[in-house]
Amino acid sequence: MADATKQSIDQLKETAKAIRRLIIQITTEAGSGHPTSSLSAVEVVTALYFGGFLRHSKVNPRDPKRDRFILSKGHAVPVLYSALCQAGYYTFEQIMTLRKLGSPFEGHPNMKQLDTMEASTGSLGQGLSLGVGHALACRLDGFDSHTYVMMGDGEMGEGQVWEALASAEKYRLANLTAIVDQNGYQQTGATKDVLDLKPFAAKFDAFGWHTQVIEGNSMESVVEALTKARAVTDRPTAIISQTKKGFGILPVLEPTGDLNYHGKPLSKELAEKALALLK
Ligand SMILES: Cc1ncc(C[n+]2csc(CCOP(=O)(O)OP(=O)(O)O)c2C)c(N)n1
Ligand SMILES: [Mg+2]
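Note that the structure is a prediction, hence the values are computed from the model and not measured. (Residues numbered from 1 in each chain as written. Chains lettered and ligands numbered in written order. Predicted model: local features only at pLDDT ≥ 70, side-chain atom pairs only at ≥ 80, totals over all residues.)

With that settled, consider the overall build of the chain. Each helix and strand counted, the chain has 12 helices and 7 strands in total. In summary, the chain has a C-alpha radius of gyration of 17 Å against a globular reference of 19 Å for 279 residues, a match within 12%. In terms of overall dimensions, the chain has C-alpha extents of about 50 × 45 × 35 Å along its principal axes. Considering the chain as a whole, with its 279 residues, one finds that 49% of them fall into the buried category. Residue pairs at least 24 apart in sequence account for 76% of intrachain contacts in the chain once pairs closer than 6 positions are excluded. (Helix = DSSP H or I, 4+ residues; strand = E, 2+ residues; numbered from the N terminus. Rg over C-alpha atoms; globule rule 2.2 N^0.38 Å. Buried ≥ 20, exposed ≤ 12 C-beta atoms within 10 Å, placed from the backbone. Contact = placed C-beta atoms within 7 Å.)

Next comes the structure, spelled out in structure tokens:
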């Protein structure tokens, strides 16, 4: 697939910064959305799309032989729209219509609106099951496609995730990688206070998955982990990506006293400060 790019670590860091800027701009323009949930996931999404991991095609986004990325924590879709804009799929003007009436850039991914969205997510807990389906289908079709699914740490409280974990191991889905964006918060507070599922790694291990725990806002760590994940050929792999919600603009969030800042766009004034940090 011709469009797959492979940037160096330094280029990936620059791309990540550009994606962060877009996330701030489009959510502030929309006046709603989830910038902090998007920001924690930037390194993983950037490495997938620009680090040579995800084979994708602008010419034919639904090419059956593509790799898949399912954003199960669908509310973080600004990171995906921004990455796709950066990759040349959409213009800045297009993604600036985020959440506006009639725009295909809805607040959660809608696969009927955009052929770049692998799944219509937003109801948390479903993405890994869809990923299992894609991985099984690709194996049956004889394609060497890889499926990546990103979930939130709060989302891991959904029971369906654990059914999917068990079935992925049963079918030895080595073509499936789950990434948990462990940013420490969910909607109503710290994940450890709402439902503490730590340690995730021991649980994934017990379910028979190959498991890595990494610093998810370090591009070096993310690239290394994705490389290792692809080298596993006998079982599904998990990356527990320890991140910070709002990474990149934390100095702007700190004075607000709300480090979760869940589901809130930045005001124009805060957005300006955030963009100045991301120069
Ligand atoms: C089934 C379901 N229940 C509740 C919600 C409402 N909701 C939206 S985001 C969110 C928090 C998710 O937290 P986490 O998975 O940790 O993602 P983060 O925003 O921290 O990246 C919740 C509960 C939902 N979207 N789906
Ligand atoms: Mg979270």
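This part takes up the sheet that holds strand S7 (residues 237-242). In space, the 5 strands of this open sheet follow the order S1-S2-S3-S7-S6, with parallel pairing throughout. Two strands bound the open sheet, and with one partner strand each, they are strand S1 (68-71) and strand S6 (210-215). Along the sheet, successive strands turn relative to each other by an average axial angle of 20°, direction set aside. Relative to strand S2 (residues 147-152), S1 runs parallel, the two sharing 4 bridges. The residue bridging Arg-68 from the neighbouring strand is Thr-147, located in S2. Of the strands in this sheet, strand S3 (176-182), S6 and S7 touch helix H10 (residues 219-231), which is tilted by about 170° from S6. (Pairing = 2+ DSSP bridges. Axes fitted to C-alpha atoms, helices over the stretch in contact; angles between N-to-C directions.)

Direction vectors running N to C along helix H3 (residues 42-50) and helix H4 (residues 77-86) enclose 35°, while the axes themselves pass 10 Å from each other. Helix-helix and strand crossings are classified by hand; for H3 and H4 the assignment is right-handed. Residues Val-42, Val-45, Thr-46 and Tyr-49 of H3 lie in contact with H4, whose contacting residues are Val-79, Leu-80 and Ala-83. Among the residues forming the contact of H3 with H4, the class breakdown is 6 nonpolar, 1 polar and no charged. (Left-handed = near helix turned anticlockwise from the far one by under 90°. Nonpolar A, V, L, I, M, F, W, Y, C, P; charged D, E, K, R; others polar.)

A few words now on the site of ligand 1. Near ligand 1 there are 21 residues, and of these Ser-37, Gly-152, Gly-154, Glu-155 and Gln-186 occur at the shortest range. In terms of residue class, the shell around ligand 1 is made up of 3 nonpolar, 13 polar and 5 charged. (Near = placed C-beta within 6 Å.)

For the rest of this paragraph, the subject is unusual backbone geometry. The peptide bond linking Lys-198 to Pro-199 adopts the cis configuration, its omega dihedral lying at -5°. Counting through the fold element by element, Pro-199 comes out in the loop between helix H8 (191-194) and helix H9 (200-206). With a phi close to 65°, Arg-99 is a non-glycine residue in the positive phi region. Looking at the element boundaries, Arg-99 is found in the loop between helix H5 (92-95) and helix H6 (127-141).

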